[in-house]
Amino acid sequence: MKLRKQTLDGNIETLLLAILADGPSYGYHIVTQLHERTDGLLKVGEGTVYPVLHRLEDRGLITATWRKSEQGRQRKYYRLTKRGGTALRENTAQWAGLMQVMQAVLGDPPPARA
Amino acid sequence: MSQAIETYLDRVMLYAKREGQQAQDIRAEQHDHLLSRVAEFEAEGMSREDAIFKAIEGHGHPRTVGYSLRPRFPLIDIRNRGTARGVIAIGPRAMGVFAFGGAAFGVVAVGGFSAGLVSVGGFTAALLFCWGGFGFAPTGLAYAGMAVGLIALGGMAAGIIAKGGLACGIWAEGGITKTLHSLESAPGWAHTIVESISEDTIVWMGTAALVIGFLVVYPLAMWAQWRENRRLASSDPWLME
C-alpha cells in the first residue's frame, strides 16, 4: 500500500521529530530509520525529507551543527530542541486522539500490504 | 567523487535557486546523503555504477527535490511545473500576494481560474472585486460576462443588487429583469456605487483599463516563465526533455 501525499502531509514532521527524540542524527540516517521503522511502508523521495528538516530547523524545533563524519566528509547533524520535544508530545497526543476516533468508527483495519 | 552525482546535484541546485553559503550547505548535505547511500549499496554487493544510479533514483527527480528546497516564500517564485509560492508567484498554479497562473490564488490573482481579494480571469472568484468571463464575488463587486455577487454587473448578472442584460436580484435593473424592487429603491450607498459604475464613461474606461492591465501583465508573466525555461535550458538542455 502506498500512502497518499495528503495523508502524509503534516505527519512527516512528527515522524522526523520522533526519530530525533532518540538522539542527534543526520539526514541519511534519519531516512534509513524512517524506512526501517515503517518496514518499507513509507515510500518518499529521499531528497524530499531535507526540506522538511530545514523547515523544522527554521521553526526552532530542531537545531543543526556541522561535524566531520567518519568518512571525513562534513555532515549536518540535527538535534531536537526543547520546543521540538513539546511539539512532538503535542502531535503524538493529537495523533493518538485521531487514531482513537478513527478506530471507534472504522473498527480494526485489515493489515496493510507493503 | 562521481560525475553522475555532481551532474544530478547541479540540476537539483538549478531548481532550488539558492545562493551563497545556503546553496553550499544544501549541496553538501545532499552530496553526503548520496555518497552514504552509494556506500550502502556497494556494501550489499552492487557495482559502483548501479549503486550510483539507484542512489540518484531513490533521491527523487531533480525538479521535485530542487523545487522543494526553494525558500518558503521568496519575493519572486517562477515555476514551470507545480505550485509557485511567493510575493509574486508565476506558474501553472500560483499562490502569492500577486499570483499569475493557470490557477491563481492570491491577494491579486490573475489566471484561467483565479481566486482572491481582487481577481481577474476566465473563471474568477473574489471577495472584493472580480472581472472576467464568469465572476463570483459574494462580498463584493463582480463585473463579468456572467456575474454573481453582492453587486453584480454584466451580460448576465445575479446578486443582491444586479444590473445587466439579464438581471436578477433583490434590486435589479436591465434588459430582462427579475427583481423584487427597482434599482432606484436600493440602499443609498449601493445605488450610488451601481449608478456611478454604470455610467458609460466609467464602464468604458474601467473595461479598457482592465483589458490593458491584463494585456500587459499576461505577457510579462509569460515572459518571466520563458526566461526561467531559458535559464534551465541554457544550463542543462537535458532538463527540458
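Every chain is numbered independently, its residues counted from 1 as its sequence is written. A letter from A marks each chain and a number from 1 marks each ligand, given out in the order of writing. Side-chain atom pairs in this predicted model are given and counted only at pLDDT of 80 or more, local residue features only at pLDDT of at least 70, and totals for whole chains, interfaces and linings cover all residues. Side-chain numbers here rest on the full set of heavy atoms in the structure, without hydrogens or water.

Let us now look at the overall build of chain A. If you tally the helices and strands in chain A, you get 5 helices and 3 strands. Comment: elements are numbered from the N terminus, with helices defined as DSSP H or I runs of at least four residues and strands as E runs of at least two. When its helices and strands are written in sequence order, chain A yields α-α-β-α-α-β-β-α. Buried, partly exposed and exposed residues are distinguished by accessible area as a fraction of the type maximum, computed with a 1.4 Å probe on protein chains only: under 20%, between the cut-offs, and over 50%, respectively. Out of the 114 residues belonging to chain A, those deemed buried represent 36%. The contact rule is simple, with two residues in contact once any of their heavy atoms fall within 4.5 Å. Intrachain contacts of chain A at a sequence separation of at least 6 include 50% that bridge at least 24 residues. Surface accessibility follows the Shrake-Rupley procedure with a 1.4 Å probe radius. Residue values consider only the protein chains on display as shielding. For chain A, the exposed surface amounts to about 7300 Å²; the carbon and sulfur share of it is 55%.

All names here are of chain A. Only strands joined by at least two bridges in the DSSP assignment are considered to pair. The strand order across the open sheet formed by 3 strands is 1-3-2, and the pairing between neighbours is antiparallel. In the strand order of this sheet, the two ends are held by strand 1 (25-26) and strand 2 (62-68), each with one partner. Alignment of strand 2 against strand 3 (residues 74-80), held across 7 bridges, turns out to be antiparallel. When the sheet's bridge partners are listed, Thr63 is paired in strand 3 with Arg79. Strands in contact with helix 4 (residues 49-58) are strand 2 and strand 3; relative to strand 3, the strand with the most contacts, it is inclined by about 55°. For helices, the fitted axis covers only the stretch in contact; all axes are lines through C-alpha atoms, and the angles between them, taken along N-to-C directions, range from 0 to 180 degrees.

Our focus in this paragraph is the pattern of salt bridges. Oppositely charged side chains are able to pair whenever their charged atoms sit close together. We define a salt bridge as a contact between a side-chain nitrogen of Lys or Arg and a carboxyl oxygen of Asp or Glu at a distance within 4 Å. Considering all chains together, one arrives at 17 salt bridges over all chains under this definition. Here Arg55(A) ties to Glu13(A) by a salt bridge, and the two come within 3.2 Å at their closest N and O atoms. One end of the pair, Arg55(A), is in helix 4; the other, Glu13(A), is in helix 2 (residues 11-20), and 42 residues separate them in sequence. Of the charged contacts, one joins Arg231(B) and Glu228(B) as a salt bridge, the two residues approaching to 3.2 Å between their closest N and O atoms. Within this pair, Arg231(B) and its partner Glu228(B) are both found in helix 6 (residues 200-235), separated by 3 residues, close to a single helical turn. A relative accessible area of 3% means that Glu228(B) is categorised as buried. One network of salt bridges, with partners in common, ties together Lys17(B), Arg70(B), Asp77(B), Arg79(B), Glu228(B) and Arg231(B).

Let us now look at the nonpolar core. Throughout this description, the term nonpolar core refers to a set of buried Ala, Val, Leu, Ile, Met, Phe, Trp, Tyr and Cys residues connected via side-chain atoms within 4.5 Å. Counting 39 residues, the largest nonpolar core has Leu16(A), Leu17(A), Leu53(A), Ile62(A) and Ile5(B) as the members making the most contacts within it. Of all the secondary-structure elements, those providing two or more residues to this core are helix 2, helix 3 (27-37), helix 4, strand 3 and helix 5 (82-106) of chain A together with helix 1 (3-16), helix 2 (20-43) and helix 3 (48-59) of chain B. Judged by nonpolar contacts, the second largest core, of 19 residues, contains Leu141(B), Ile151(B), Ile197(B) and Ala221(B).

Let us now look at the state of the cysteines. Note on terminology: disulfide denotes any pair of cysteine sulfur atoms within 2.5 Å. By the definition in use, this model includes 0 disulfides over all chains. Here Cys130(B) is not disulfide-linked; the sulfur of Cys168(B) is the nearest cysteine sulfur, at 17 Å.

Attention shifts here to the environment of Val31(A). For Val31(A), the location among the structural elements is in helix 3. Apart from the residues lying within four places of it in its own chain, the contact partners of Val31(A) are Glu46(A), Val49(A), His33(B) and Arg37(B).

For the rest of this paragraph, the subject is the side chain of Lys163(B). Residue and element names in this part refer to chain B. If you trace the backbone, Lys163 turns up in strand 2 (residues 83-182). In this structure the side chain of Lys163 is engaged in a polar contact, spanning 3.2 Å, whose partner is the side chain of Glu173. Filtering out sequence-adjacent residues up to four positions away, Lys163 remains in contact with Ala152, Leu153, Gly154, Ala157, Glu173, Leu183, Val194, Glu195 and Ser198. Counted as a polar contact is a pair of N or O atoms within 3.5 Å, where, for protein atoms, one must be capable of donating a hydrogen and the other of accepting one, and residues adjacent in sequence contribute only when both atoms are in side chains.

With that settled, consider helix 3 of chain B. The span one expects for a helix is its residue count, reduced by one, times 1.5 Å. If you check helix 3 of chain B, its first and last C-alpha atoms are 16 Å apart, about what 12 residues at 1.5 Å a residue would give, namely 16 Å. Where helix 3 of chain B is buried, its residues contact helix 4 of chain A together with helix 1, helix 2 and helix 4 (62-68) of chain B. Gly60(B) lies just past helix 3 of chain B and shows a positive phi near 115°.

Once that is clear, we can look at the interface of chain B and chain A. Tallying the contact residues gives 18 residues for chain B and 21 residues for chain A. Taking both partners together, chain B and chain A bury about 1700 Å²; carbon and sulfur atoms supply 52% of that area. Put simply, buried area is how much 1.4 Å-probe accessible surface two parts lose in total, over both of them, once they are put together. Ranking the residues of chain B by area buried against chain A places Glu29(B), Asp32(B) and His33(B) at the top, with a combined share of 35%. Counting every contact that joins chain B to chain A gives 3 salt bridges. Linking Arg75(A) and Asp32(B) is a salt bridge whose minimum nitrogen-to-oxygen distance equals 2.7 Å. The tally of links between chain B and chain A comes to 13 residue pairs in polar contact (both at pLDDT 80 or more). Listing elements by their share of the side of chain B that touches chain A, those giving two or more residues are helix 2, helix 3 and helix 4 of chain B. A total of 11 residues in the side of chain B that touches chain A trace back to one element, the largest contributor, which is helix 2 of chain B. Split into classes, the residues belonging to the side of chain B that touches chain A amount to 5 nonpolar, 7 polar and 6 charged. Each residue gets one label: Ala, Val, Leu, Ile, Met, Phe, Trp, Tyr, Cys and Pro are nonpolar, Asp, Glu, Lys and Arg are charged, and the others, such as Gly, are polar.

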